[in-house]
Amino acid sequence: MKKHSARVAPLSACNSPVLTLTKVEGEDRPREHAAHGGQDAQSAAGATGPESGSNKRRLHCCIRITAVQVRKALWGVAMVMCVCSSWAGSTQLAKLTFKHFDGPFTLTWFATTWNCLFFPLYYIGHLCKSPERQTARQRLRECCRFFGDDGLNPKVFFTKVAPFGLLWILTNYLYLQALRKINTTDASALFCCNKAFVFLLSWIVLRDRFMGVRIVAAILAIAGIVMMTYADGFHSHSVIGITLVVTSASMSALYKVLFKMVLGSAKFGEAALFLTIVGGANFVCMSIVPVILYFTRVEYIGSIGDIPWGYLCGVAGLLLAFNVLVNFGIAITYPTLISLGIVLSVPVNAMVDLYTCEIHFNTVRLIAVSIICLGFLMLLLPEDWDQCIIQLSTRLRKRDEPTEGGVEAGAATGLNWRGRARTSMSTFVR
């Protein structure tokens, strides 16, 4: 625990995407860019003098930064579409699966077992991208250091891995159970409340920075839950379904915050190994549960041939794709865009439900869904969003100031501007 204690202090669980475990690898890249920039500046300075060298260096840096931002934005658009499609697709396909096989725990167990593919997929990417290729055993041994100096032993497994595996299974099982009670639009919208729960838990447990806008977002999320319950007239099936989704969102938030507190942030290989271990432990330890449910006829099906393997594999594959994108997508784009893909799945599910005539969009339901989505988007605001607004307003005011005139007029203009700046500053601070 001492090894990872330094990772816990600066973390903010609310700033990263929902359910993500990772941090961006390759901290040496900025240094490399700085070194290249220094070499370019030295050569330019030697050729054309200090001023032209400085100008070329600034132009080169601006072009490079712009190109990187454009590339990240383009990747972000693709990532938003993929995250939205995978999450909405898995929700819709799970709802359809229950019409052929009513087995939410069996589906949870089957989909979680697919987590075993995380580390093999990561290692394939490592072989394709990394300049220093390692064998699978070497990479596995290096990633095991994430669990401590002794690596992964039985004590570490039962204290640091097994609890998160149970939270993972509970999150997915409760969400799938809720889909048997309510429509996919309500379920996907209510699950977005986990971002608000992450903020509240991280504020209490991790001592994250207090932000008034996030408190307002959490209040909106709670108000949306109440309105969603009221939309169906407090019927028993809808109340149970809403309770299951909210509990699932709470388990998701608890999983994320506890991971940050106990293990800290993981690199891509470490997160892939962790999720692979969760999938393997689920297969070994939880396989007996679907068997018991089958013989007790809780989740019974006539024969193996009647099992809709296509639907099961489709749900498991889409959930695997979703988790891969959420946890590893920050390598190529901004975390906010990944989270945006989750909230955009709500209107996608609404369109599908409207087309299949499985939902009645009354005014209360529309307001509830809108409030929850608004709260989710407010939680995506950066911590310094108020300072950004102040700086933007300052720049806009500077552009409106007259630039021509005498020295006295210019001085008077500057004095008047400073007075207005203080006024606007005090207004925003309040």
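Up top is the structure.
Calculation notes
- Residues numbered from 1 in each chain as written.
- Predicted model: local features only at pLDDT ≥ 70, side-chain atom pairs only at ≥ 80, totals over all residues.
- Heavy atoms only, no water.
- Helix = DSSP H or I, 4+ residues; strand = E, 2+ residues; numbered from the N terminus.
- Buried < 20%, exposed > 50% of the residue type's maximum accessible area, 1.4 Å probe, protein only.
- Contact = heavy atoms within 4.5 Å.
- Areas by Shrake-Rupley, 256 points an atom, 1.4 Å probe, with all protein chains shown as cover.
- Salt bridge = Lys/Arg side-chain N within 4 Å of Asp/Glu carboxyl O.
- Axes fitted to C-alpha atoms, helices over the stretch in contact; angles between N-to-C directions.
- Parallel < 35°, antiparallel > 145°, perpendicular 65-115°, else oblique.
- Left-handed = near helix turned anticlockwise from the far one by under 90°.
- Phe/Tyr/Trp six-rings, centres within 6.5 Å; stacked < 30°, edge-to-face > 60°.
- Lys NZ or Arg CZ within 6 Å of the ring centre and 35° of its normal.
- Disulfide = S-S within 2.5 Å.

Enquirer: Account for the overall build of the protein chain, naming residues and giving values.
Expert: Helix and strand content of the protein chain: 18 helices and zero strands. Of all 430 residues assigned to the protein chain, the portion counted as buried reaches 44%. Long-range contacts, defined as pairs at least 24 residues apart, comprise 84% of the intrachain contacts of the protein chain with a sequence gap of at least 6. Here the protein chain has roughly 22800 Å² of accessible surface; of this, 66% comes from carbon and sulfur atoms.

Enquirer: Hey, could you go over unusual backbone geometry for me, with residue numbers and the actual values?
Expert: Even without being a glycine, R297 presents a positive backbone phi close to 60 degrees. Relative to the elements of secondary structure, R297 occurs in the loop between α13 (288–295) and α14 (309–328).

Enquirer: Residues and numbers for the pattern of salt bridges, please.
Expert: If you walk through the whole model with that rule in mind, you get three salt bridges. Close ionic contact of D102 with R180 constitutes a salt bridge, the shortest N to O distance being 2.6 Å. Placement of D102 in the loop between α3 (50–97) and α4 (104–113) and of R180 in the loop between α7 (154–179) and α8 (184–191) is noted, with a sequence separation of 78 residues between them. Judged by its relative accessible area of 35%, D102 falls in the partly exposed class.

Enquirer: Go over the packing of α4 against α7 with me, naming the residues and quoting the values.
Expert: One can describe the packing of α4 onto α7 by two numbers: an axis separation of 9 Å at closest approach and a directional angle of 135 degrees. In terms of orientation, α4 and α7 fall into the oblique class. In the crossing of α4 with α7, the sense of the turn from one axis to the other is right-handed. The segment α4 lies against α7, with P104, F105, L107, T108 and T112 engaging W168, I169, N172, Y173, L176 and Q177.

Enquirer: Give a description of the packing of aromatic side chains that names residues and reports values.
Expert: Tallied over the full model, the rule gives 23 aromatic pairs. Measuring from ring centre to ring centre gives 5.9 Å for F164 and Y255, while their planes differ by 85 degrees; the resulting arrangement is edge-to-face. Note that F164 is positioned in helix α7 and Y255 in helix α11 (residues 236–262), a separation of 91 residues in sequence. Grouping residues by exposure puts F164 and Y255 together as buried. Relative to F328, the ring of F268 lies with its centre 5.8 Å away and its plane at 85 degrees, an arrangement referred to as edge-to-face. Of this pair, F268 sits in helix α12 (residues 268–285) while F328 sits in helix α14, and the two are 60 residues apart along the sequence. Residue classification places F268 among the buried residues on the basis of a relative accessible area of 10%. In this structure an aromatic cluster arises from ring pairing among F146, F147, F164, W168, Y255, F259 and F274. Sitting over the ring of Y300, R297 keeps its end group 4.1 Å from the ring centre.

Enquirer: For the state of the cysteines, give the residues involved together with the corresponding values.
Expert: Applying the stated criterion across every chain, the model contains zero disulfides. No disulfide involves C193; its sulfur sits 7.3 Å from that of C192, the nearest cysteine.

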